[in-house]
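# Reading the structure
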Amino acid sequence: MGENELAAKKEQAREAFGEALAHFNGWRGREHSPSKATELMERAADLGSSEAMVSLGEWYLSEALGAPDRGQAKAWFQRAAEADDADGEFNLGMLAEEDGDFVEAALRYQKALDGKHDDGACGLARLMLEGNGIPQDIAAALDILELASSEYDSAEADYLLGVLYGEGKFVEQDRKRAGGQFYMAAHEGHVLAQMRYGESAETGYGDPEAPLDAYVWTHVALEHLPAAMKPRAEATLARIASSMTPETRTLADAEAQKMRFNSVLPVRPSLRV
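Here goes a summary of the coordinates provided. Just so it is clear, the structure is predicted and the values come from calculations on it, not from any experiment. (Residues numbered from 1 in each chain as written. Predicted model: local features only at pLDDT ≥ 70, side-chain atom pairs only at ≥ 80, totals over all residues. Heavy atoms only, no water.)

Let's shift gears to the side chain of S154. Tracing the sequence through the fold places S154 in the loop between α8 (138-151) and α9 (155-167). Looking at S154, the relative accessible area reads 0%, which means it is buried. A polar contact is formed between the side chain of S154 and the backbone nitrogen of E156, at a distance of 3.4 Å. Beyond its immediate stretch of four places on either side in the chain, S154 contacts D118, C122, A148 and S149. (Helix = DSSP H or I, 4+ residues; strand = E, 2+ residues; numbered from the N terminus. Buried < 20%, exposed > 50% of the residue type's maximum accessible area, 1.4 Å probe, protein only. Polar contact = N/O pair within 3.5 Å; in protein donor to acceptor, adjacent residues only side chain to side chain. Contact = heavy atoms within 4.5 Å.)

Our next topic: α8. For α8, which comprises 14 residues, the first-to-last C-alpha distance of 20 Å matches the rise-based estimate of 20 Å (1.5 Å per residue) to within 8%. Along α8, the residues that are buried comprise A141, L142, I144, L145, A148 and S149. Considered in projection along α8, the buried side chains sweep an arc of 160° and stay on one side of the axis. In α8, the exposed positions angled more than 90 degrees off the buried face are occupied by D143, S150 and E151. Those residues of α8 hidden inside the fold are in contact with α6 (102-114), α7 (118-130), α9 and α10 (175-187). (Expected span 1.5 Å × (residues − 1). Arc of directions from axis to C-beta.)

As a further point, take the nonpolar core. Counting residues in hydrophobic clusters, the biggest one holds 57 residues, and the most contacted among them are L145 and Y159. F17, A52, L92 and L95 belong to the second largest nonpolar core, which has 22 residues in total. (Core = buried A, V, L, I, M, F, W, Y, C linked by side-chain atoms within 4.5 Å.)

Here it is as structure tokens:
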């Protein structure tokens, strides 16, 4: 295929991808039509867009196109992985981990890490810490998390480091550092980090403005936390509120409204250590 022909094909894929998103979301005056969006996204994928392949996998894995279809999702992620797409490798790793195939998950996460995929790095580091599907190697896992945090600006890596330092797992406990890691991840929309930063601030390891800071971030987290985690955050919020003056509570509620996040990062598997 000549250079001009290849460029034209990429442009066609880009246009089909854009139109697919427009129909999927009802943007740019387009009718909201999941079926039309899927047709256009498949065209983009057939034109070689690995981003389109991953998008289709994510749609089929969610309820965006009706009942989730894990088989279809996996097939699209596989196509993306075969096109050397790190997102495709990561998602295959996630599916393998959900199935309890930690060996396959570790292999996929390693490939994603090779493509400088921050979530792939975190997935591999978790499995290394746990000794699941790969020999336990705490030093290497910590190195990977530090790399993902510093070079990839990974909110997930910041969160995991916060958990380790906050609980003293595999590292010397350092609650001040844990609060700092949670703080960075919280600002990136990591909802579990928002909850944990609120807890850190409540105990005095967060911003000096605690308990105001603790109240605000716990309140922010509550809007997007998974249902199973909400009681924990609600209990934290109640404890903080009980010790606040009415004036401070009013100020905190106002600050929480300013800090609302329209969207947050996906919740990844937690550490099982």
